[in-house]
Amino acid sequence: QAKGQGGGTHRFFLPNMNDRALERLELEQSLRLAIERQEFRLHYQPRIDLESGRITGVEALVRWQHPDLGTIHPDEFIPVAEETGLIDGLGAWVLGEACRQAVEWREQGIVLDSVAVNFSARQFRRQRPAEVVRRALEKAGLEPGRLEIEITESAVMQDAGVALESLAELRALGVQVAIDDFGTGYSSLAYLKRFPITKLKIDKTFIRTLLIDPKDAAITEAIVAMAHSLGLRACAEGVETRKQLEFLRAPGCDEVQGYVFSPPLPVEQVTPYLSGERALIPDTTGG
Ligand code: C2E
Ligand code: MG
Ligand code: MG
Ligand code: MG
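- The protein has the name Phytochrome-like protein cph2 in an unreviewed UniProt entry, where Engelhardtia mirabilis is given as its organism.

Concerning the site of ligand 1
Point 1. Surveying the vicinity of ligand 1 reveals 25 residues, the closest of which are Arg 63, Asn 118, Asp 180, Glu 240 and Tyr 259.
Point 2. Val 62 places a polar main-chain atom, nitrogen or oxygen, 3.2 Å from a nitrogen atom of ligand 1.
Point 3. Side-chain polar atom of Arg 63 to an oxygen atom of ligand 1: 2.8 Å apart, as the coordinates give it.
Point 4. Among the cavities detected, the one that contains ligand 1 is the largest pocket.

Here's the deal with the packing of aromatic side chains
Where two aromatic rings form a pair, the distance of their centres and the angle of their planes describe that pair.
Point 1. Under the criterion given, the structure shown has five aromatic pairs.
Point 2. Taken together, a centroid distance of 5.6 Å and an interplanar angle of 55° make the contact between Phe 40 and Phe 77 tilted. Placement of the pair is Phe 40 in strand β1 (residues 40-49) and Phe 77 in the loop between β3 (70-72) and α2 (78-84), with a sequence separation of 37 residues. As far as the burial class goes, Phe 40 and Phe 77 line up, both buried.
Point 3. Between the aromatic rings of Tyr 44 and Trp 105, the centroid separation amounts to 5.0 Å while the plane-to-plane angle is 75°, which identifies the pairing as edge-to-face.

Description of the layout of surface pockets
To locate leftover empty space, one rolls a probe as large as a water molecule over the atoms.
Point 1. Here the largest pocket defines a volume of roughly 1,100 Å³.
Point 2. Every residue lining the largest pocket is counted, 36 residues in all, and those nearest its centre are Leu 61, Pro 74, Asp 75, Asn 118 and Lys 204.
Point 3. Taken together, the elements giving at least two residues each to the lining of the largest pocket come down to β2 (55-66), α2, α3 (87-107), β4 (114-119), α4 (121-126), β5 (147-152) and β6 (176-182).
Point 4. Here the lining of the largest pocket gets five residues from one element, more than from any other, and that element is β2.
Point 5. A class-by-class count of the residues in the lining of the largest pocket yields 14 nonpolar, 11 polar and 11 charged.
Point 6. Of the pockets and cavities examined, the second largest pocket occupies roughly 180 Å³.
Point 7. If you trace the second largest pocket, you find it lined by Ala 92, Leu 95, Gly 96, Glu 97, Arg 100, Val 132, Ala 136, Lys 139 and Ala 140.
Point 8. When contributions to the lining of the second largest pocket are tallied by element, the ones reaching two or more residues are α3 and α5 (129-140).
Point 9. When residues in the lining of the second largest pocket are grouped by element, the largest group, five residues, is from α3.
Point 10. For the lining of the second largest pocket, the class distribution of residues is five nonpolar, one polar and three charged.

The rules behind these values
- Residues numbered from 1 in each chain as written.
- Chains lettered and ligands numbered in written order.
- Predicted model: local features only at pLDDT ≥ 70, side-chain atom pairs only at ≥ 80, totals over all residues.
- Heavy atoms only, no water.
- Near = heavy atom within 4 Å.
- Polar contact = N/O pair within 3.5 Å; in protein donor to acceptor, adjacent residues only side chain to side chain.
- 1 Å grid on protein atoms, 1.4 Å probe; cavity = no way out; pocket = protein on both sides within 12 Å on 5 of 7 lines; lining within 4 Å.
- Sits in = over half its atoms within 2 Å of the grid points.
- Phe/Tyr/Trp six-rings, centres within 6.5 Å; stacked < 30°, edge-to-face > 60°.
- Helix = DSSP H or I, 4+ residues; strand = E, 2+ residues; numbered from the N terminus.
- Buried < 20%, exposed > 50% of the residue type's maximum accessible area, 1.4 Å probe, protein only.
- Points joined across faces, edges and corners; volume = space filled by probe spheres on them.
- Nonpolar A, V, L, I, M, F, W, Y, C, P; charged D, E, K, R; others polar.

Right, here's the structure in full:
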């Protein structure tokens, strides 16, 4: 504690910074324990082909089932996992588990176009992503084309030259690659042209205000058009209402994901939708 260390001594932190540093340290320690204790689970959110209404696949989203605090969402721990390097182990677990689940579904007769897994910037830069992915696919026995890796626009643009190589290696393996949260970072269109990717996921901040702000509508339409001109699929994330869904038809957005169809769900809840045992019907309560 800095208190009581008067004149001339160093104060490394302001009191509130000290609190934050401590909080971070505590979070880091509990994260380490959580990894050991296997407290992480994957939830899966269906992705729907807008034209046919068919479920094309799911996105795996990690949750921390804390024994005392309940479900903790990734935004609260992925940043610290990134900074501390714990993401390497956690990310490998997520990848392995998603591939294993994809194979389990296939064995139940549920064939999805792809299961998507999020990669953070550090996973993408530090780990020879293609090698990690190749091993996970091999271990699970999953065909590479059935896996989709999602990387945010800001993560790929951080070091676009290196990204270009890693993306090429991933594509050479046969896995699909989507740029996540597209439109919120800065993109070099020159790089975007050269990136061997397969999909753009339009960030949910544009979708949220699609029907309120004509500029967001224009941006969304422009992203869909650009994706198509580049030979990529366009997916809108965060679609919450039927009206947003209808809007996305006109520019020909290929896929949608969002609460209007389903939130991310645990395996046992999402499986009946994937098998067709239950129909996934757009929710009309949100307008
Ligand atoms: P993301 O990949 O962009 O995932 C979309 C987020 O939007 C998810 O939040 C999802 O639950 C949420 N979402 C889905 N539909 C709707 C909707 O209709 N409305 C709104 N408002 N939100 C919706 P979640 O699960 O909390 O994940 C947050 C972020 O954490 C993800 O953003 C992704 O960047 C990261 N993340 C999640 N799982 C992993 C993982 O396994 N590894 C890594 N590295 N990052 C992950
Ligand atoms: Mg994602
Ligand atoms: Mg996203
Ligand atoms: Mg995001």
